Structure formats: structure tokens, C-alpha cells
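# Results of the structural survey
Residues per chain are reported as follows:
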There are 2 protein chains.
Amino acid sequence: MEQLHINGNRLWERLDDLAQIGAIAGTQGNSRLALTEEDGQARDLVISWMRELEMEVTVDGIGNVVGLWNGTNTTESLQPVMTGSHIDTVRSGGRFDGNLGVLAGLEVVQTIAEHGHSTEHPIAVGFFTGEEGARFAPDMLGSLVYVGGLDIETALNSIGIDGKKLGDELKRIGYCGTATCPGIVPKAFIELHIEQGPVLETSGIEIGVVESVQGISWTELTIEGQANHAGTTPMTMRRDAGYVASRISTFVREIATQIGGVQVGTVGKIDLHPNLVNVVASRATLTVDLRNTSGEILREAEDYLEEFCKEIASKENVVITSKSLARFEPVEFSEELVNEISSIASGLGLSTQRMTSGAGHDAQILARVCPSAMIFVPSKDGLSHNPAEYTSLEEISAGANVLLHSILQVAGECS
Amino acid sequence: MEQLHINGNRLWERLDDLAQIGAIAGTQGNSRLALTEEDGQARDLVISWMRELEMEVTVDGIGNVVGLWNGTNTTESLQPVMTGSHIDTVRSGGRFDGNLGVLAGLEVVQTIAEHGHSTEHPIAVGFFTGEEGARFAPDMLGSLVYVGGLDIETALNSIGIDGKKLGDELKRIGYCGTATCPGIVPKAFIELHIEQGPVLETSGIEIGVVESVQGISWTELTIEGQANHAGTTPMTMRRDAGYVASRISTFVREIATQIGGVQVGTVGKIDLHPNLVNVVASRATLTVDLRNTSGEILREAEDYLEEFCKEIASKENVVITSKSLARFEPVEFSEELVNEISSIASGLGLSTQRMTSGAGHDAQILARVCPSAMIFVPSKDGLSHNPAEYTSLEEISAGANVLLHSILQVAGECS
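Residues numbered from 1 in each chain as written. Chains lettered and ligands numbered in written order. Predicted model: local features only at pLDDT ≥ 70, side-chain atom pairs only at ≥ 80, totals over all residues. Heavy atoms only, no water.

### As for the overall build of chain A
Helix and strand counts for chain A come out as 12 helices and 18 strands. At 23 Å, chain A has a C-alpha radius of gyration in line with the 22 Å of a compact globule built from 415 residues. Based on the C-alpha atoms only, the size of chain A along its principal axes is roughly 80 × 45 × 40 Å. A fraction of 80% describes how many contacts in chain A between residues 6 or more apart in sequence connect residues 24 or more apart. When the accessible area of chain A is evaluated, it comes to approximately 14,400 Å², of which 47% is carbon and sulfur surface. (Helix = DSSP H or I, 4+ residues; strand = E, 2+ residues; numbered from the N terminus. Rg over C-alpha atoms; globule rule 2.2 N^0.38 Å. Contact = heavy atoms within 4.5 Å. Areas by Shrake-Rupley, 256 points an atom, 1.4 Å probe, with all protein chains shown as cover.)

Next up, the structure:
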């Protein structure tokens, strides 16, 4: 049986076509927040490609889209082998994050089909609603609902950063479907994704075989102080919510530095009220993003933060309330699947490295219901969530070929 | 000659009428940023009162409004004695800040007129455009143009926090007038204002006689870092504009604490980009407000800030650019006028305290061209730039009576 290869140029072109929707002028990047007009157009385009490949397309009640491919020799009653990712982006994101995993899935199906090959198990390519969490919390919302980890009503009631309700926006763009949630449990889930970090590029490795995902803790803190005149209020009499927000932000850096290792901590969002040069801020909200591969150490980091908030609230005479926006325990992927992917990549002559994902991905959610794993390709300068995000055609083709042969193996290739 | 007294209830009612424009629902406060629709309506109302008092109203090219009152025995060719303040507010401000000084001026004129008294010098009541600086920088913009301290073209080109140009907004609300700038130099300028701080209330004093004003330094800092994924970017590889903004904000507190005394420092405005939970901020802007009564120490504080920005930019691999939004040297008021006000207040049986203003006021700008001084009345809980700002009817009446008799003395009372 001939050794199949994906068509890298075709995949690259689809990536480029998709990137025209929500393109950020003057860059190669994308702004396609979940359930915006742009997300709707991108969904339409990807579904049109699924239909060209004669895939059976279903949309579920949270807007997750699954294209199912039954080849000539496929046993339709068997569980599908699933691949995919997401097509929403952060507000100023790149064209590869998520999109690559979905379009590489289509390329895998097309490659198998056009060569007259088939698999015993059907192949499913999915894209999940709101993976980024950049508009609606939590992130990986769609896949969570897909596996039954989040109640669909709760998800539909999620309020976006623009004050809009997820359910309303889903209807508005016409993607409130009828397929049931939780969805069909796949035989396995394999996701191809860019690394979004500098590790592969720095070590000159072509394929990252992802064996685990960092745990994620997102907290929103709201600080209530008192508005006052910036000139006439003695420093000792202030209840400055802006200062407290800043001090928590620098403490998050201290947490990461003190714990060390793979611990990261980020305050990416701060909003002051009334946000004026000469008024002591009466209110501040900020988000804290903490991640670690160890569930225990992650809880430790959360404890440090909580303790610090108590101390500073008392010292600065402000009230701090805390709300969990997202919380995911670290995930270990299927050892068997990870080993298979690793040997397939090596068999294709590609250099590999076992690694942990610092980012959250739909695959970690699917891992709750089926053997799952991920394939990483390098990110130039480690950039992601940035319009300058870049992975070369060669690197992408290598990753898509590993995905192709991994799926063929798990789905049972037959020709 | 009978001893005149202002009509406190009438003044209080005008304050209440004016506060209906841009009222913040559920509070006693006001949101009337400069040159908004609300500011326009407030201007119309105050001018209608000026006209009822048969004052001659002029509007200059930056929208400053001056009502001139010539009593029966007034020598029109003499320089007017001027009082007034401003009627714009911060976004969530109170009803007394500025407004009191303008409406007390009208009350003084009405009291003199209705008792058939007059003055040798005419009396002018003015309100100056954009004193707060909460929409257009710098603060005290209108009075600066009035005294020739700021070129009118520069002022008209000031871009607001909403991206709109001052000159366009001035035209839109119909307040681009024909009176020339700089305006008529008054014989003296006396401004009644709430203290906006806790000093008078704490010491139980009725009248603050303001002999100086703190110097003010407003700086906008823009930090350029790099957007990156919050999960995958090791702490040591980050160029986090959000962290640097927070660290500068906490350093501003350190400056104030270290210098001590009357030094204050505030970061009231922080904006991150893209301002998302899981993206390391690529850009941040923040404002720094530093104030001191000593010009020398204020420069020292500015130097500390500049030095720190250099250090942290290098350490965190970001680029920091700095822009001065406003810079005012400390001001000493006219000793003669301050003494006169002080003895008038004592003569009225009121307790007085010499003090420094921590806030910037139009009077400090007028002090560049004529003998100037200010009268302060207490602020409940020291609150200002806050809808809860409050000064009682009795306290306000006391202040307005001191203003009345100070004006009568300087303008030369005749009956």
C-alpha cells in the first residue's frame, strides 16, 4: 500500500482563505472572537469545505460543528476517530492557533479519499465553540459542553466581555444546532496545534508529542475602594483600588518567580473606574491566570494569591471579591496514543520531543471521555495570540502528515 | 451702611438646579465632562441666570464665559474684580466642585444689586472651559488660554479621551465665541471653592484662606512590550507591558511614601492592550499624577519616576515613552489679598485657617496676571471627585459671605 502524504499547499491555501475572515489590516493575523459576525462567516466557509468532502455535518446546541466522513470500507456503526480544534481567535490573534487543527483534519480526510483509501472507523473533524475564552468564559467552553463537563444552559447564559449573552449570539449567527450534547464519544481524539511557545523552535525539533497539559486557574478579582481627589487626599487616607490592582499584579509575578519551574502567572486584563488621571480609582477589576503541570503546586499558587488578597484588602481598607472564571486540573494524555504518535513521527523521519502544553486545548477536555493526545509544530519566536504568529509550510506539512498517519493507524487503515 | 448677607437658600437652589444637568442617577453627583451635551446645557442655564441679573455676557474663542456687572455707581472703565470657577465635572463627580464658585459669584452680584448697593469697579463672574482635565488635557485649560499661558490653537486641537477634538466639540455645543484671548486682566481674582480634602472638617474650621497651591505634574507613560500566550511563554522570556505598568504604579506609591510630607502620587488610569485574561499585554498606557508645594521636591519626584522607568524598561525589555500632560509650578497667592480675606472672615465671626490647596484651580492660573486668592469651605469626609461630595448650606453660606465682603472691599463698595 502506498505511503500517503498530505498536500501541504492545499492546506496552506485553506489556512490563507480562512484567515481572510476577520483579518487584521496590515498583518497576517486575525480578530475573530467567538460568535461574532466573523466567526459566523468562518464557520460557513469551513462547513462548505466539509460538504465538498462529502462529510455529514452536524451542529449541536452550543454550536460545536462536527463533520463525519465515512469512507468506502468504513463501518459506520463504529465510534469515529476524531480530530479538530477551534476557529475562534483572541482579539488580536494569529491565523494558525486552532485553525490549523481543523483544516489539517480536512486535509487528512481529503488525502485519504482522493487516494481511494479508507478506514475501518469513520473519521470526524470538529471545531468547538469559544475555545479561546476571549469573549465568553470559560475557555474550551464548547468542548466542555461536548463531553458533558459543563451544563449547556449555564454555557448558553455565559455573558461576554461586551455584555452579550452567548445563547443570543449563537442564534444571531445561526449556529444553535440540534445535535445533542454531550456528543458522540469518539474512539480517540488527536489534535494538531502550533506550540504557541518557544520550546520546539529553540531546540530545533520538528514535532512535539504532547503528553500532558498544564492545569489552568483563571480568577477575576474586583476591588472596591473609594473615589477621591488625587491632589487633596493624603496618601494615608486613601482606599485606592488602582494601587491594590497594581500591587496584586506585581505579586502574581512574585508567585511565579518564587515557585519557579514551569509555574507561570499573568495579569493580562486590568480595568479601573473611573479611570481618570486625577481621581483615585474607586473600583478595579483584574484577571489572574496561573498555570502549572502539578495540580498540587497550582493550588499552592492559588493559596498564595488568596492570602495576599486578604492581607492587602485589610491593609489598604478595600474590599476584594474573587470569582473563578475557569479552573482546569492538569491533564495526562493517553500513554498508548502518545507512544503511537511518537513512533509514527519517528517513522516519518521527523525529530520529536515529548512535552507539556502550557496552553489549554480542546484535546484536554476530550481526554475526559476518550484516549486523547496532541501533536505540536513549532511557533516562530514562540509567538502566539499575536498577529505575528507563524509556522512555516514545511513545519505544518510535517505535523499534518503525523496527524494523517496517526489517524490511519487508530482508525484502522484499509485500502 | 447695612451689612449685606447673601441668600443661602437661593444659592443652594441654584446649585440644585444646575446639578440636575448630568445628574448621576441614585446619587447627588454629576457627570458633566467638558464640552459634552450636558456641559452645553449647564452653560445655557448659568448664562440665563447671568442675563436675569442684567450682566453683560461674553464668550471667548475657547468657550470661557464672563458675565460683567456694572452697578449704578460703577466706573465702567475700571478693571473688574473677578470671581468664578468652572462648571465641568469629572466623570463621576460632585455638585459643588467648581459650580459653587460660579454660582456664589452670581449670588454676590444679586445680593449687592437687590440691596441697591454698588461698587466702584465692575464685578465679573466667569466660568472657564475644561478645568478638570478629565476629558481634554491639560486641566485648567480655559483659564490658561484666558491669561495667555496656552496658545488657543494648541488648546483647540487638544484631543479628548474619546478621540474628539476640543475645537470641534466647542463648535458642536455652540460655545466658540468671539471675545478675544487673552481676556481682560482683572483688578483681582477671588475664587470660592470646596476644600476637596479633609483638613477643615477634621480641625472644625469654617473658612480656609488659601495662600498657595501645590505644583502638579501629569505624565502619560506608554509601554510597548510583546503580546504573547499567557500559558506557554516562560516568565523569563516575557516583555509584559501590563506587569511594567503595574510596577510603575506601585513605584509611584513608593515615591510618595519615601518623600513623605505633602507629597502625593496617583496612578488613576491604566489601559492594557489587548486586555485579555490569557494574553500577555503588548501595550499599556498609564498616567502619573505627582503633586507637591515645593517645586524643587516635585522635580525630585519626577526624576525618581524617570529614573525608574529607564531601569525597568531595560530590565523588562520594553520601550517606555513619556508625555507630559500637564505641568504647573506651585503658586503663591497675593499676600495682601490673603490677609484681607482672612480679616474679613474673622470680622464675620468665622474661624479661619491658612492653607495650601492640594488641587489645581483656575485661581492659580489667574494669579499669573493679577492678585489672586481663594476661599475654601469644608468637604464632608474630605470627599471630592465623587458623587458623595458634600458641603452643608451653612458652610456654603459662610464661604459666600466671605466672598461677598472680599469683593466689596476690593471693588470699592459704594451705596
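### Notes on the pattern of salt bridges
Taken as a whole, this structure holds 36 salt bridges over all chains when the rule is applied. Two residues, B:Arg291 and B:Asp289, come together in a salt bridge whose shortest N-O distance is 2.7 Å. Pair check on accessibility: B:Arg291 and B:Asp289 agree, each one buried. A network of salt bridges, in which partner residues are shared, links A:Glu37, A:Arg135, A:Asp162, A:Glu169 and A:Arg172. (Salt bridge = Lys/Arg side-chain N within 4 Å of Asp/Glu carboxyl O. Buried < 20%, exposed > 50% of the residue type's maximum accessible area, 1.4 Å probe, protein only.)

### Observations concerning the packing of helix α2 (residues 37-52) of chain B against helix α3 (residues 99-114) of chain B
All names here are of chain B. Packing of α2 against α3 brings their axes to within 10 Å, and their N-to-C directions diverge by 15°. The angle between α2 and α3 falls in the class roughly parallel. As α2 runs across α3, the sense of the crossing is left-handed. Residue-level inspection shows Val46, Trp49 and Met50 of α2 in contact with α3, the latter providing Val102, Leu103 and Leu106. For the contact of α2 with α3, the per-class residue count stands at six nonpolar, no polar and no charged. (Axes fitted to C-alpha atoms, helices over the stretch in contact; angles between N-to-C directions. Parallel < 35°, antiparallel > 145°, perpendicular 65-115°, else oblique. Left-handed = near helix turned anticlockwise from the far one by under 90°. Nonpolar A, V, L, I, M, F, W, Y, C, P; charged D, E, K, R; others polar.)

### Quick word on empty space enclosed by the protein
Inspection of the entire model under this criterion finds six cavities of 30 Å³ or more. Roughly 90 Å³ of internal volume is contained in the largest cavity. Contributing to the lining of the largest cavity are 14 residues, with A:His229, B:Glu131, B:Glu132, B:Gly360 and B:His385 lying nearest its centre. Residues that form the lining of the largest cavity fall into these classes: one nonpolar, eight polar and five charged. (1 Å grid on protein atoms, 1.4 Å probe; cavity = no way out; pocket = protein on both sides within 12 Å on 5 of 7 lines; lining within 4 Å. Points joined across faces, edges and corners; volume = space filled by probe spheres on them.)

### Considerations on the interface of chain A and chain B
Between chain A and chain B, the contact holds 61 residues from the first and 63 residues from the second. With both chains or domains summed, chain A and chain B bury close to 5,300 Å², and 57% of this area falls on carbon and sulfur atoms. Taken as a group, A:Met235, A:Arg253 and A:Val277 account for 14% of the area that chain A buries against chain B, more than any other trio of residues on that side. Here chain A and chain B share two salt bridges between them. We note a salt bridge from B:Glu316 to A:Arg253, for which the minimum N-O separation is 2.9 Å. If you look at where chain A meets chain B, you find 24 residue pairs in polar contact (both at pLDDT 80 or more). Contributing elements (two or more residues each) for the side of chain A that touches chain B: β9 (228-229), α8 (241-259), β10 (264-266), β11 (270-273), β12 (279-280) and β13 (283-292) of chain A. Tallying contributions element by element places α8(A) first for the side of chain A that touches chain B, with eight residues. Looking at the side of chain A that touches chain B, its residues break down into 22 nonpolar, 27 polar and 12 charged. (Buried area = accessible area lost by both parts, 1.4 Å probe. Polar contact = N/O pair within 3.5 Å; in protein donor to acceptor, adjacent residues only side chain to side chain.)

### Observations concerning helix α1 (residues 8-19) of chain A
All names here are of chain A. Taking 1.5 Å of rise per residue, 12 residues should cover 16 Å, and α1 covers 16 Å from first to last C-alpha, within 8% of that figure. Along α1, the positions that sit buried rather than exposed are Gly8, Arg10, Leu11, Arg14, Leu15, Leu18 and Ala19. Elements that come into contact with the buried residues of α1 comprise α2 (37-52), α3 (99-114) and α12 (393-411). The N-cap of α1, judged by a side-chain oxygen 3.2 Å from the amide nitrogen of Asn9 a few residues on, is Asn7. (Expected span 1.5 Å × (residues − 1).)

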